[in-house]
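Given next are the chains, with one letter for each unit.
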Amino acid sequence: MDNFTDIQNLLKSDLKNTDKVLIKRLSSNVALINQMSSYIINAGGKRLRPLLLLLCARATNYKGNHHHLMAVVIELIHTATLLHDDIVDESNTRRGKDTANEVWGNAASVLVGDFLYSRAFEMMVEPDSMRIMQILSKTTNSIAEGEVLQLLNCQNSELSEAEYFNVIERKTACLFQAATQIGAILSNADEKQELALKDYGLHLGNAFQIIDDVLDYESDAQTMGKEVGDDLAEGKTTLPMICALSRTLGQEHELLKNAIDNADNSKINEVIKILNSVNAFEYTRDKAQESADLAKKSLDPLEESDYKNALILLCDLSLQRKS
């Protein structure tokens, strides 16, 4: 097993059944909801979070069918957050396509995001597991808190690394964590294995988001499907910038500080040059590597299997990705 396609092939049947559930459960007698849901779900993306749930269920020997349903719940929650994110960030492209708010406007996008959330909650009761409902209700609350924290931290060049991690754990990593933990709960895995997968999801989610924040500066618009320096244009202080601000003085420091405080990416090339000169990207990638290593280590209590190997491989792939 060497790449993401190999992992998808390992779960070929599960992914096919998950897609069937997704199409069926997105159906609504309101035409606009069908139209927008179809557009969003088919907009690309690897569907990593539902894949994680399926892998964790299989890695702990799950034999039932609720993993397809819960994988869809995770994907609906994630998609709803993307819809609302794009409105807040005033984004007009995602994965190289027009965002839903660009095509249908903010009002329709907010309401369809609400539909996706409510459909997810409608579905999550079906396994009849109070623990799963508790985890997902807490997770959606944490995501909302993370988004509000990120909003409050916009144009704040004083943001600390600890505050940054607090935001990404709530905004991104907690949904990874919910997906991996629920996979274990469905299998009735023992407490040691459940905690192992819970920790794995948190650390992998952190690594994934840290690399995302590097790619916002390092990648190109064609690969990323959005403009380079979008985070800076939105006044977001991410880890590369936090590192660079701590390593610069004088004019360079002022340039970075003003770029964040004024949400100004007009000098993006100069910013990237400074980030490179102080090894901010190298520092940030090292932090992502630390999180990925913790994720791998978390898997020690799991029995050896192709599914466990796939979870380990995902740690490496999350660090290597270009988009």
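Caption draft 1: Local environment of unusual backbone geometry. Even without a glycine there, the phi angle at Asn-61 is positive, about 65 degrees. Within the element layout of this structure, Asn-61 appears in the loop between α4 (48-59) and α5 (66-88). The class for Asn-61 is partly exposed, based on a relative accessible area of 42%. With phi around 60 degrees, Gln-155 is a residue other than glycine that occupies positive phi space. Residue class for Gln-155 comes out partly exposed when judged on its relative accessible area of 42%.

Caption draft 2: Inspection of the packing of aromatic side chains at higher detail. Per the stated rule, a full pass over the model turns up 4 aromatic pairs. Between the aromatic rings of Tyr-39 and Trp-104, the centroid separation amounts to 5.1 Å while the plane-to-plane angle is 85 degrees, which identifies the pairing as edge-to-face. Of the two residues, Tyr-39 sits in helix α3 (residues 31-41) while Trp-104 sits in helix α6 (residues 100-104), which places them 65 residues apart along the sequence. On the accessibility criterion, Tyr-39 (22% relative accessible area) is partly exposed. Classification of Trp-104 by relative accessible area gives partly exposed; the value is 24%. Consider the rings of Tyr-164 and Phe-165, whose centres lie 5.4 Å apart with planes at 80 degrees: the pair is edge-to-face. When its relative accessible area of 18% is taken as the criterion, Phe-165 is described as buried. Its end group placed over the ring of Tyr-39, Lys-97 keeps NZ or CZ at 4.2 Å from the ring centre. Arg-321 extends its terminal NZ or CZ atom over the ring of Phe-208, reaching a point 3.7 Å from the ring centre.

Caption draft 3: Representation of the pattern of salt bridges. Taken as a whole and judged by the stated rule, the model has 18 salt bridges. Two residues, Asp-212 and Arg-321, come together in a salt bridge whose shortest N-O distance is 3.0 Å. Taken as a pair, Asp-212 in helix α10 (residues 191-218) and Arg-321 in the segment after α17 (306-320) lie far apart in primary sequence, 109 residues in all. Classification of Asp-212 by relative accessible area gives partly exposed; the value is 22%. One salt bridge connects Glu-290 with Lys-287, and the closest N-O pair in it is separated by 3.9 Å.

Caption draft 4: How the structure looks around the side chain of Ser-142. Structurally, Ser-142 can be placed in helix α8 (residues 130-152). Judged by its relative accessible area of 17%, Ser-142 is buried.

Caption draft 5: Here's a closer look at the packing of α10 against helix α16 (residues 280-298). Close contact between α10 and α16 brings their axes to 8 Å; oriented N to C, the two are set at 160 degrees. Taken as axis vectors, α10 and α16 run roughly antiparallel relative to one another. Like other packed secondary-structure pairs, α10 and α16 cross with a definite hand, here left-handed. Class assignment for the residues of the contact of α10 with α16 results in 14 nonpolar, 5 polar and 4 charged.

Caption draft 6: Quick peek at α16. Between its first and last C-alpha, α16 extends 27 Å over 19 residues, near the 27 Å set by a 1.5 Å rise per residue. Within α16, the full set of buried residues consists of Ala-280, Phe-281, Thr-284, Lys-287, Ala-288, Ser-291, Ala-292, Ala-295 and Ser-298. Within α16, the buried residues cover an arc of 135 degrees as seen down the axis, which keeps them to one side. The secondary structure elements touched by the buried residues of α16 are α9 (161-186), α10, α13 (239-247), α15 (268-277) and α17.

Caption draft 7: Expanded view of the nonpolar core. Core analysis: the biggest nonpolar cluster contains 79 residues, and Met-70, Leu-136, Tyr-200, Leu-311 and Leu-314 have the highest contact counts within it. With 12 residues, the top contributor of residues to this core is α9. Not counting residues within four places of it along the chain, the set of residues in contact with Met-70 comprises Leu-53, Met-124, Pro-127, Ile-132, Leu-136, Ile-182 and Leu-186. Residues Tyr-217, Ile-268, Ile-272 and Leu-275 belong to the second largest nonpolar core, which totals 19 residues.

Criteria and thresholds
- Residues numbered from 1 in each chain as written.
- Predicted model: local features only at pLDDT ≥ 70, side-chain atom pairs only at ≥ 80, totals over all residues.
- Heavy atoms only, no water.
- Helix = DSSP H or I, 4+ residues; strand = E, 2+ residues; numbered from the N terminus.
- Buried < 20%, exposed > 50% of the residue type's maximum accessible area, 1.4 Å probe, protein only.
- Phe/Tyr/Trp six-rings, centres within 6.5 Å; stacked < 30°, edge-to-face > 60°.
- Lys NZ or Arg CZ within 6 Å of the ring centre and 35° of its normal.
- Salt bridge = Lys/Arg side-chain N within 4 Å of Asp/Glu carboxyl O.
- Axes fitted to C-alpha atoms, helices over the stretch in contact; angles between N-to-C directions.
- Parallel < 35°, antiparallel > 145°, perpendicular 65-115°, else oblique.
- Left-handed = near helix turned anticlockwise from the far one by under 90°.
- Nonpolar A, V, L, I, M, F, W, Y, C, P; charged D, E, K, R; others polar.
- Expected span 1.5 Å × (residues − 1).
- Arc of directions from axis to C-beta.
- Contact = heavy atoms within 4.5 Å.
- Core = buried A, V, L, I, M, F, W, Y, C linked by side-chain atoms within 4.5 Å.

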